[in-house]
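Each chain is listed here by its residues.
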Amino acid sequence: MTDENELEYVLDLPERPRRNRRTDSIRRMVRETHLSPDNLIWPVFVVDGEDTRQPISSMPGVERMSIDVLVGEVKEAEALGIPAVALFPAIDESLKDSMATESTNPDGLLQRTIKALKEAAPALTVITDVAMDPYSSDGHDGIVRDGVIVNDETLEVLAAMAIAQAKAGADIVAPSDMMDGRVGFIRESLDEAGFTDVGILAYTAKYASSFYGPFRDALESAPRFGDKKTYQMDPANGKEALRELTLDIEEGADMVMVKPALPYLDVLWRVKEASSVPVAAYHVSGEYAMLIAAGEKGWLDHQAVMMESHLCIRRAGADVILTYAAKDVARFLQG
Ligand code: PBG
């Protein structure tokens with residue numbers, strides 16, 4: 001080690017990955033993953049009434065909105081370049097029953113919302129949730145009989161719901177119920193009813209996750225007994241997601257989904273590798289809440305971890321991300 005000869009300190013390292021990280025312009029040039037507003041779907045909660053915004057305490061920054069308020073917000077989202085919204089109606093308790101009857105009401109809240117949005121923003125894609133829980137007095141995604149969630153009879157209810165949504169103008173229906181055979185059953189029913197152009201975004205690998213807590217607060221849709229483990233997937237299973245993927249694609253899914261996102265990036269990767277159709281990931285309510293809470297505590301830089309999380313979900317294989325932070329992300333990308 002001599003002062004005169006600095007070269008002595010230079011190792012013989014032909015490979016120096018840091019050269020590709022040296023400047024911002026080089027980093028931009030070699031970046032493998034990009035995040036754009038095109039990759040975002042904004043899930044929103046709609047409630048009956050007028051000029052109404054109801055904050056959801058476990059999801060700061062997210063509100064249940066009446067249709068008139070939602071129309072304004074959605075136009076803003078469209079102007080930010082967000083291509084799609086996913087609608088979730090908060091149904092009044094008095095309208096819930098064991099068969100989710102309200103879900104097919106042509107004048108029901110969801111159907112009115114779809115019509116209002118298609119009128120106000122015709123080019124925006126409207127995605128609707130197909131599952132019984134927002135309408136069910138049992139808080140389950142399927143019909144309950146003697147404490148059991150029955151599969152095959154539920155399919156009739158789901159298909160009728162999907163048709164009601166398609167009639168109101170939904171572009172894509174998204175079955176989130178995890179009943180067996182529902183994608184094929186809904187596809188056939190839509191086709192028979194003349195809705196061959198309405199797409200299906202299948203919640204393919206939807207896990208029985210505790211990260212859905214804040215969403216169930218938003219819709220007051222928590223199961224009234226038991227849990228959803230007999231239909232949603234076991235968080236311990238990865239390979240099983242590929243079985244669900246094969247079935248959903250065979251049955252006619254146009255897009256598939258992994259949900260939640262961040263704790264399931266390995267599943268997302270596996271599904272992306274095996275899928276012939278575009279893959280969505282749902283950055284769910286609990287994931288959103290965690291990042292906000294840590295930001296509020298001053299423990300994390302909220303904006304930085306939000307952008308990083310979305311980028312990582314893309315890197316793991318998501319073509320599109322359902323995210324409550326869609327507008328914040330799009331605004332940040334606009335600079
Ligand atoms: C209902 C549904 C749920 C979510 C989307 N659709 C909740 C559940 O299955 O209990 C969760 C979304 C979120 O947590 O953000 N079938």
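Residues numbered from 1 in each chain as written. Predicted model: local features only at pLDDT ≥ 70, side-chain atom pairs only at ≥ 80, totals over all residues. Heavy atoms only, no water.

*Asks:* Can you explain helix 3 (residues 109-120)? Please cite residues and give values.
*Replies:* Taking 1.5 Å per residue, 12 residues should reach 16 Å; helix 3 reaches 16 Å between its end C-alpha atoms and fits that length. For helix 3, the full list of buried residues reads Leu 109, Leu 110, Gln 111, Thr 113, Ile 114, Leu 117 and Lys 118. Buried residues in helix 3 make contact with strand 1 (40-47), helix 2 (67-79), strand 4 (84-90), strand 5 (125-130) and helix 4 (152-168). (Helix = DSSP H or I, 4+ residues; strand = E, 2+ residues; numbered from the N terminus. Expected span 1.5 Å × (residues − 1). Buried < 20%, exposed > 50% of the residue type's maximum accessible area, 1.4 Å probe, protein only. Contact = heavy atoms within 4.5 Å.)

*Asks:* Requested: an account of the site of the ligand, with residues and values cited.
*Replies:* In the vicinity of the ligand there are 18 residues, among which Lys 206, Arg 216, Lys 259, Ser 285 and Tyr 324 approach most closely. At 2.7 Å, a side-chain N or O of Arg 216 approaches an oxygen atom of the ligand. The side chain of Lys 259 places a nitrogen or oxygen atom 3.4 Å from a nitrogen atom of the ligand. Protein contact buries 100% of the 400 Å² of open area that the ligand shows by itself. (Near = heavy atom within 4 Å. Polar contact = N/O pair within 3.5 Å; in protein donor to acceptor, adjacent residues only side chain to side chain. Areas by Shrake-Rupley, 256 points an atom, 1.4 Å probe, with all protein chains shown as cover.)

*Asks:* If you had to explain the nonpolar core to someone new, which residues and values would you point to?
*Replies:* Core analysis: the largest hydrophobic core is formed by 107 residues, its most contacted members being Trp 42, Phe 45, Leu 87, Leu 190, Leu 268 and Tyr 282. Among the elements that take part in this core, helix 4 stands out by supplying eight residues, more than any other. Non-local contacts of Tyr 282, meaning those with residues more than four positions away in its chain, are made with Pro 43, Phe 88, Tyr 203, Phe 215, Met 257, Val 258, Lys 259, Pro 260, Ala 261, Glu 287, Leu 322 and Tyr 324. (Core = buried A, V, L, I, M, F, W, Y, C linked by side-chain atoms within 4.5 Å.)

*Asks:* Any details on the packing of aromatic side chains? Residues and values, ideally.
*Replies:* Scanning the entire structure with this criterion turns up eight aromatic pairs. Plain terms: the ring middles of Phe 45 and Tyr 324 are 5.8 Å apart, the flat faces sit at 15° to each other, and that makes the pair stacked. Highlighted residues: Phe 45 in strand 1 and Tyr 324 in the loop between strand 12 (320-323) and helix 11 (326-334), separated in sequence by 279 residues. With respect to burial, Phe 45 and Tyr 324 carry one shared label: buried. The ring of Tyr 212 carries the charged tip of Lys 259 above its face, separated from the ring centre by 4.5 Å. (Phe/Tyr/Trp six-rings, centres within 6.5 Å; stacked < 30°, edge-to-face > 60°. Lys NZ or Arg CZ within 6 Å of the ring centre and 35° of its normal.)

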